[in-house]
Amino acid sequence: MPQAPQSSTHDVAQALAGINFPCDKTRILEHARKNNASKEALQAIENLPSAKYTSMADVFKGVGEENR
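Residues numbered from 1 in each chain as written. Predicted model: local features only at pLDDT ≥ 70, side-chain atom pairs only at ≥ 80, totals over all residues. Heavy atoms only, no water.

**Overview of the overall build of the chain**
Looking only at helices and strands, the chain features 4 helices and 2 strands. Taken from the N to the C terminus, the helices and strands of the chain come in the order α-β-α-α-β-α. Within the chain, the proportion of its 68 residues that are buried is 37%. Considering only contacts in the chain between residues 6 or more positions apart, those separated by 24 or more positions represent 55%. (Helix = DSSP H or I, 4+ residues; strand = E, 2+ residues; numbered from the N terminus. Buried < 20%, exposed > 50% of the residue type's maximum accessible area, 1.4 Å probe, protein only. Contact = heavy atoms within 4.5 Å.)

Shown next as structure tokens:
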């Protein structure tokens, strides 16, 4: 399984600093916007599968699936 590009995961991690899990894609996107996420991070989050995420690892897995 291909890994997410380092810049994407780094941007997403910064955008989601302080988020509490579990949460869904909508909550993740709202949190990223409140944290003034980069365009790249927002795009990666918008492309996540609609699901419940229980950890940052789950989010990174979703970002990785987007890049297949």
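From this point, the narrative continues.
**A short note on unusual backbone geometry**
Put simply, Phe 21 and Pro 22 share a cis peptide bond, and its omega is 0 degrees. By the element assignment, Pro 22 lies in the loop between α1 (6-15) and β1 (23-24). The phi angle at Asn 36 is positive, at roughly 55 degrees, despite the residue not being glycine. Relative to the elements of secondary structure, Asn 36 occurs in the loop between α2 (25-34) and α3 (39-46). Asn 36 gets classed as exposed once you look at its relative accessible area, which sits at 69%.

**A look at the side chain of Lys 25**
Relative to the assigned elements, Lys 25 resides in helix α2. No salt bridge is formed by the buried Lys 25; its nearest oppositely charged neighbour, Glu 46, is found at 8.0 Å. Looking at Lys 25, its side chain comes within polar contact range of the main-chain oxygen of Leu 48, at 2.9 Å. Discounting residues that sit within four places of it in the chain, Lys 25 has contacts with Ile 45, Glu 46, Leu 48, Pro 49, Ser 50, Ala 51 and Tyr 53. (Lys, Arg positive; Asp, Glu negative; His and termini not counted. Salt bridge = Lys/Arg side-chain N within 4 Å of Asp/Glu carboxyl O. Polar contact = N/O pair within 3.5 Å; in protein donor to acceptor, adjacent residues only side chain to side chain.)

**Side note on the pattern of salt bridges**
Within the structure shown, the criterion is met by 1 salt bridge. Arg 33 serves as the salt-bridge partner of Glu 46, at 3.4 Å between the closest nitrogen and oxygen. In this pair, Glu 46 sits in helix α3 while Arg 33 sits in helix α2, placing the two residues 13 residues apart along the sequence. Accessibility expressed as a relative area gives 46% for Arg 33, which makes it partly exposed.

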